[in-house]
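Below are the chains, spelled out letter by letter.
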Amino acid sequence: MGDTAVTVGTIEPVARSRPPPGIVGPWAWARANLFNSWLSTAITLALVYIILRLAVSLVDWAFVHAIWHVPYSDKGVPDTSSCQRAKGIGACWAVIADKYRLILFGRYPYDEQWRPAICVALFIGLYVVSAMRRFWRKELVLIWIGTLTVIGVLMWGGVFGLTPVSEDYWGGLPITLILATFGLAFAFPLAILVALGRRSTSMPAVRMLCVLYVELIRGVPLISVLFMASVMFPLFMPAGVNIDKLLRAQIAFILFAGAYLAEVVRGGLQALPKGQAEAGEALGLTYWQKTGLIILPQALRLVIPPLVNTFIGFFKDTSLVLIIGLFDLLTMGKVALSDPPWLSFATEVYIALAIVYTAFCFAMSKYSRGLERELGRAHRR
Amino acid sequence: MVARTGAEGTDTMSQVASPVLEGPSAITLDKVNKWYGTLHVLRDISMTVAARERVVVCGPSGSGKSTMIRCINRLEIHQEGRIIVDGTELTDDLRSLDTIRREVGMVFQSFNLFPHLTILENCTLAPIWVRKMPKAEAEELAMSYLSRVKIPEQARKYPGQLSGGQQQRVAIARALCMKPKIMLFDEPTSALDPEMIKEVLDTMIELAESGMTMVCVTHEMGFARQVAHRVVFMDRGEIVESGSPKRMFEDPQTDRLKLFLSQILRGH
């Protein structure tokens, strides 16, 4: 700094000198963090050794000694003797090769499984489009409605020459994505309304209702809400009215997720200084303008991490529908394992399922961090 | 005291020594009372502000001056008495409230700019959504006011990138973009670093010279002396004394004002 004379009142940036060599760069980082003392160097080397050993044995098991295919008998029954011999030495990925269609699409008619496959692709496309900020405008709602309609048509069929397929035959990944996507897509707006209602000062009845809803739902495990939806709910319906099991589970899921998300959103609303709302009011904005233009954009940004945390949690909680007899991805994994030849290869199946779940959840968490950074940059406090 | 003689603006005004403004009243408060729970924060406040008049409200903290000014655009709700702004009485009727808030601009102690919007968007938000102005027109209007508060070059930045003084000037421009008839200032310089107070006061003085009706809660006695037609002194929820700045500062009538002035002046 010393070489530049700074006069009072100038707004010229002050010239800064370069740091001495060895302060920045990967080598400097490694020296500062991994090898800055004898003890630290020893721990680093020990950990590198352990990690390498584990990695080598994992690669050995998962790839080098893995068995990818098994021979089939004339009747189509797999001969798993080679897998049995390799047990403990190499993974038997043949179980995935044999069962992936069942795991991914359940008991959906085999020849029609291109339909749920397209649906999964549509869901993923929908997520990608929704994730991009340049698509954040009113048309996005239409894209959602359109895509979800197409997905419904593809799954049910019965029109455009598609064979009708009852929901009873749906299963696997489409069920998981349907429950999670519809669930969160409806639960999120519901949550915002409930959170706003819970903070309403002018409508005590609405506030009471919102508090009651949140506290009741939160006081009950998700499993029991699902049980109620599947067992108790039909008892209250007039005879002859039969709401489909998937729809009932979906509604239960929306109500449950809504209560949790509402509390997250409320946290964001409470964190905003009161002055923001007052400034909006003083400018003559109506309640909904003030809420939509000033309060929610800021409040929701504040709660991106807990929101995504809840989203990820509920994505995985969709697997609880197992107990009311819906066949989601995880349940289909169990079903696949009940086939006698594959009985003892649960590890491989569960690893494959874990990879699918992780892919979705990791994408969500990665995206949320990017979004936080991007929105945070705009504020630059 | 002068301000308590009645609701008729002209009557009140005629008794004020310094520049007398005749004309219709912009704001009338008639025996306004307000309680927070059991705490009586406004006691029988009666005051009239004429159109184009500039009133400075001062008083010790907790005297109710902020509450009083916030009642004028109903950020606080009074429980007794009447408040009439620009010919419309403040009631629970939402339509009258919208009308009034459109005509009354407010500047807060803590600026309250919207941090997620650019300076320009802060200024165009209300004209676009409340006045239904086309975006291009609103931006042109906003730029003209930003030029007037001397920060047009900051229009694309976010509030967090500006200094306190600049933020407060943006807040003034934002309020002006609604073309209000009345401007309320709630301690606009109290949250500022000393070196930034002047730039905000200069902006307010310029606004005063343009003939805006202003009610300003402030401790800046120099500002009061320079621009106010009338100074109102409040203490413990009531108006104790009011009059021209010269008369108030040089010849305070009540002990409470004398005490307040001595405390204020000691601080400077």
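Note that this is a predicted model, so its numbers are computed, not measured.

### Thoughts on the state of the cysteines
Two cysteines whose sulfur atoms are joined by a covalent bond form what is called a disulfide.
All names here are of chain B.
1) Next: For the structure shown, the criterion picks out 0 disulfides over all chains.
2) Next: Here Cys123 stays free of any disulfide, with the sulfur of Cys177 as its closest cysteine sulfur at 4.6 Å.
3) Next: Left without a disulfide partner, Cys216 is nearest to the cysteine sulfur of Cys58, which lies 10 Å away.
4) Next: Classification of Cys216 by relative accessible area gives buried; the value is 1%.

### Observations concerning the interface of chain A and chain B
1) Next: Contact residues are listed per partner, giving 20 residues for chain A and 23 residues for chain B.
2) Next: Summing both sides of the interface, chain A and chain B together bury roughly 2000 Å²; the carbon and sulfur share of this comes to 62%.
3) Next: When the buried surface of chain A facing chain B is broken down by residue, Ala282, Leu283 and Leu293 of chain A rank first, second and third, together holding 29% of it.
4) Next: On the surface where chain A and chain B come into contact, there are 2 salt bridges.
5) Next: Glu278 of chain A is the partner of Arg70 of chain B in a salt bridge, and the nearest nitrogen-oxygen pair spans 2.5 Å.

### With respect to the pattern of salt bridges
Residue and element names in this part refer to chain A.
1) Next: Within this structure, the stated rule accounts for 30 salt bridges over all chains.
2) Next: Taking the shortest distance from any N to any O, the salt bridge between Glu263 and Arg198 comes out at 2.8 Å. Taken as a pair, Glu263 in helix H10 (residues 245-271) and Arg198 in helix H7 (residues 173-198) lie far apart in primary sequence, 65 residues in all.
3) Next: You can call Glu263 buried: its relative accessible area is 17%.
4) Next: By relative accessible area, which is 16% here, Arg198 ends up buried.
5) Next: One salt bridge in this structure joins Glu263 and Arg218, with 3.8 Å as the shortest N-O distance. With Glu263 in helix H10 and Arg218 in helix H8 (residues 204-218), this residue pair connects regions lying 45 residues apart in the sequence.

### Description of the domain arrangement of chain A
1) Next: Domain boundaries assigned for chain A yield domain 1 (30-64) and domain 2 (110-380).
2) Next: Summarising the inter-unit geometry, the C-alpha centres of domain 1 of chain A and domain 2 of chain A are found 40 Å apart.

### Let's talk about the layout of surface pockets
All names here are of chain A.
1) Next: For the second largest pocket, the calculated volume is near 1400 Å³.
2) Next: Taken together, 36 residues form the lining of the second largest pocket, with Thr201, Ser202, Glu281, Tyr287 and Lys290 sitting closest to its centre.
3) Next: Counting residues per element, the lining of the second largest pocket draws most heavily on helix H12 (residues 287-302), at 5 residues.

### Considering the sheet that holds strand S10 (residues 238-243) of chain B
Residue and element names in this part refer to chain B.
1) Next: With mixed pairing, the 6 strands of this open sheet are ordered in space as S6-S7-S8-S3-S9-S10. The open sheet has two free edges, formed respectively by strand S6 (104-107) and S10, since each of these has just one partner strand. Within this sheet the neighbouring strands show an average axis-to-axis angle of 20 degrees, counted without direction.
2) Next: One ladder, built from 4 bridges, connects S6 with strand S7 (residues 182-186); its direction is parallel. Bridge pairing in S7 places Met106 opposite Leu184.
3) Next: This element, helix H3 (residues 94-103), spans S6 and S7 of the sheet and lies at about 60 degrees to S6.
4) Next: Against the sheet, helix H7 (residues 194-209) contacts strand S3 (54-58), S7 and strand S8 (213-217), and its axis sits at roughly 150 degrees relative to S8.

Scoring rules and cut-offs
Chains are numbered independently. Their residues run from 1 in the order of the written sequence. Think of it this way: whatever chain is written first is A, whatever ligand is written first is 1, and the rest follow in order. Only residues with pLDDT of at least 70 get local features here, since the model is predicted, and only at 80 or more are side-chain atom pairs given and counted; chain-wide, interface and lining totals rely on the full set of residues. Note that the side-chain values use all heavy atoms of the structure and ignore hydrogens as well as water. Whenever a pair of cysteine sulfur atoms sits within 2.5 Å, that pair is classed as a disulfide. Using a 1.4 Å probe on the protein chains alone, a residue whose accessible area is under 20% of its type maximum counts as buried, one over 50% counts as exposed, and one in between counts as partly exposed. Residue contacts follow a heavy-atom distance rule, with two residues in contact if any of their heavy atoms lie within 4.5 Å. Here's the idea: put two parts together, see how much 1.4 Å probe accessible area each one loses, and the total over both is what we call buried area. A side-chain nitrogen of Lys or Arg and a carboxyl oxygen of Asp or Glu constitute a salt bridge if their distance falls within 4 Å. Secondary structure elements are defined from DSSP: runs of H or I of at least 4 residues count as helices, runs of E of at least 2 residues count as strands, and each element is numbered from the N terminus. An automatic or database domain assignment supplies the start and end points of every domain. Cavities and pockets are defined on a 1 Å grid built over the protein atoms alone: a cavity is a set of grid points where a 1.4 Å probe fits but cannot escape, while a pocket is an open set with protein on both sides within 12 Å along at least five of seven lines, and lining residues are those with an atom within 4 Å of any such point. Grid points are joined across faces, edges and corners, and a volume is the space filled by probe spheres set on the points. Here, any two strands with at least 2 DSSP bridges between them count as paired. Only the stretch in contact is used when a helix axis is fitted, and all axes are lines through C-alpha atoms; the angle between N-to-C directions ranges over 0 to 180 degrees.

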